[in-house]
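Residue strings, one per chain:
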Amino acid sequence: MSKSLKKLVEESREKNQPEVDMSDRGISNMLDVNGLFSLSHITQLVLSHNKLTTVPPNIAELKNLEVLNFFNNQIEELPTQISSLQKLKHLNLGMNRLNTLPRGFGSLPALEVLDLTYNNLNENSLPGNFFYLTTLRALYLSDNDFEILPPDIGKLTKLQILSLRDNDLISLPKEIGELTQLKELHIQGNRLTVLPPELAYLYSRIFGTTLGPWWKQAYDAAQEKRESSFSHCPMDVIPELKIACGVFPGDCPWSTVFSHGPRALKTQHGNLDLTGQKQVFKAENNPWVTPIADQFQLGVSHVFEYIRSETYKYLYGRHMQANPEPPKKNNDKSKKISRKPLTAKNK
């Protein structure tokens, strides 16, 4: 162990420093850093840009960790003990060589940000409890090998950022419409041809107003022609609901909660504001079917208006029933750094 690393460990222990940065130090084995796992007080450990290939089970001894950064290493596997880090909020495993995640990985009760960008993961790499990570606010899965996004994604209802760029996705599950807090969605560079109509729940503007949290329930119920479903939404959105659902609700007993109009209900559902200056929906470089491609030419808002239409829902249903052969893969991922065998020089 170098003198500088030894000094870092000693200073952290003697001065009770909560943050330890060991980035870009040429570390190939955490066990070589004497005393590292005795620093049970630290809350942040940065080991990015090193040469780690594994994470030892001893990681569980750093029980107070809130931030753990392994970005840009050569890690091929993780120990099951990593799920013992009950206070962990941010975990960065981007740009490594992971093919799978350990059993029990979803038992991290405080995790808010998980970065798995640029690994070799797919839908079969995830442990059974992965979607128990219900505290997640940001999930980065870009540059992996996912062809399918599991329907359980809908359980991560606190997600604000979901990045799926440059995978091999051939479809998105309807459950993506349940991510009511989503503010950023990145699906560019996949093999997507259609979008689930439920995605429209995330972008629903009526007369320039963001719909309230009652939108999905009201929309679904309206399609079943249950007029009472409109008892929880403001009067001035009814014409649009009538058009969207093909139902005229008639007179409804409005709650005084809505006496100030729909603007009082803004942003609690449908946070995917795609018309502002900050573009948070990115979907380029996908082989969209012609009707969707045409709408993208007009603008993102037109896409969302189209996919919530009855015409599109009918066409989408027919498309899914036909189960067409997915587009061929365009990207040769065999040249990814994460796929190349480790040489003695790299290790």
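Keep in mind that this is a model prediction, so the values were computed, not measured.

What follows deals with the nonpolar core. Nonpolar side chains in soluble globular proteins tend to be buried together. Core analysis: the largest hydrophobic core is formed by 74 residues, its most contacted members being Ile59 and Leu162. Elements with a minimum of two residues in this core: helix H1 (3–15), helix H5 (300–307) and helix H6 (310–322). In terms of residue count, the dominant contributor to this core is H5 (five residues). The contacts of isoleucine 59, once residues within four sequence positions are left out, are Met30, Phe37, Leu65, Leu68, Phe70, Pro79, Gln81, Ile82 and Leu85.

What follows is about the packing of aromatic side chains. Per the stated rule, a full pass over the model turns up seven aromatic pairs. With centroids separated by 5.1 Å and ring planes inclined at 85 degrees, the aromatic side chains of phenylalanine 130 and phenylalanine 131 adopt a geometry described as edge-to-face. Pair check on accessibility: phenylalanine 130 and phenylalanine 131 agree, each one buried. Ring centres 5.9 Å apart and planes at 35 degrees place the aromatic pair tyrosine 312 and tyrosine 316 in the tilted group. Taken together, the residues tyrosine 312 and tyrosine 316, both in helix H6 and four residues apart, mark about one turn of the helix.

Let us look at unusual backbone geometry. Positive phi, normally seen in glycine, also occurs at methionine 95, with a value near 60 degrees. Examined against the element boundaries, methionine 95 turns out to sit in the loop between strand E4 (90–92) and strand E5 (113–115). With a phi angle near 55 degrees, aspartate 143 is a residue other than glycine that sits in the positive phi range. For aspartate 143, the position within the fold is in the loop between strand E6 (138–140) and strand E7 (161–163). Looking at aspartate 143, the relative accessible area reads 18%, which means it is buried.

Moving on, we come to H1. In this model H1 runs 18 Å from its N-terminal to its C-terminal C-alpha over 13 residues, within 8% of the 18 Å that 1.5 Å per residue would give. On the buried face of H1, the contacting elements are strand E1 (19–21). Directly beyond the C-terminal end of H1, a positive phi value near 55 degrees is found at asparagine 16.

When the pLDDT values of the chain are averaged, the result is 82; 75% of them are 70 or greater. Counting interchain partners and residues more than four positions distant, the pLDDT-below-50 stretch residues 222–269 has 82 contacts. Taken together, the stretch residues 273–277 has pLDDT below 50 and engages in 11 contacts with residues farther than four places along the chain or on a different chain.

As a further point, take the sheet that holds strand E11 (residues 281–282). An order of E1-E2-E3-E4-E5-E6-E7-E8-E11 is seen for the nine strands of this open sheet, with the pairing classed as parallel. This sheet does not close on itself; its edge strands, each paired only once, are E1 and E11. Looking at chain direction, E7 and strand E8 (residues 184–186) are connected through three bridges and run parallel. Paired with serine 163 across the bridge in E8 is histidine 186.

Before going further, it helps to spend a moment on H5. Listed in full, the buried residues belonging to H5 are Val300, Val303, Phe304, Tyr306 and Ile307. Taken down its axis, H5 places every buried residue within 160 degrees of arc, on the same side. Taken together, the buried residues of H5 touch E11, helix H4 (290–298) and H6.

Looking at where threonine 193 falls in the secondary structure, it is placed in the loop between E8 and strand E9 (205–206). A relative accessible area of 13% places threonine 193 in the buried class. Once residues lying within four places of it in the same chain are set aside, the contact partners of threonine 193 are Pro287, Trp288, Val289, Ile292, His319 and Pro327.

Moving on to the side chain of serine 48. Along the chain, the position of serine 48 falls in the loop between strand E2 (44–46) and strand E3 (67–69). Among the residues examined, serine 48 registers a relative accessible area of 7% and is labelled buried. With residues near it in sequence (within four places) discarded, serine 48 still touches Ser23, Asp24, Asn69, Phe70, Phe71, Asn72 and Asn73.

To continue, consider the pattern of salt bridges. Summed over the entire model, instances satisfying the criterion amount to nine salt bridges. Here arginine 137 makes a salt bridge to glutamate 112, at a shortest N to O gap of 2.9 Å. Placement of arginine 137 in the loop between E5 and E6 and of glutamate 112 in the loop between E4 and E5 is noted, with a sequence separation of 25 residues between them. A salt bridge links glutamate 147 to lysine 329; its shortest N-O distance comes to 3.6 Å. You can see glutamate 147 sitting in the loop between E6 and E7 and its partner lysine 329 sitting in the segment after H6, a full 182 residues away along the chain. Through salt bridges with shared partners, one network takes in Asp143, Arg165 and Asp166.

Analysis parameters
- Residues numbered from 1 in each chain as written.
- Predicted model: local features only at pLDDT ≥ 70, side-chain atom pairs only at ≥ 80, totals over all residues.
- Heavy atoms only, no water.
- Core = buried A, V, L, I, M, F, W, Y, C linked by side-chain atoms within 4.5 Å.
- Buried < 20%, exposed > 50% of the residue type's maximum accessible area, 1.4 Å probe, protein only.
- Helix = DSSP H or I, 4+ residues; strand = E, 2+ residues; numbered from the N terminus.
- Contact = heavy atoms within 4.5 Å.
- Phe/Tyr/Trp six-rings, centres within 6.5 Å; stacked < 30°, edge-to-face > 60°.
- Expected span 1.5 Å × (residues − 1).
- pLDDT = per-residue confidence, 0-100.
- Pairing = 2+ DSSP bridges.
- Arc of directions from axis to C-beta.
- Salt bridge = Lys/Arg side-chain N within 4 Å of Asp/Glu carboxyl O.

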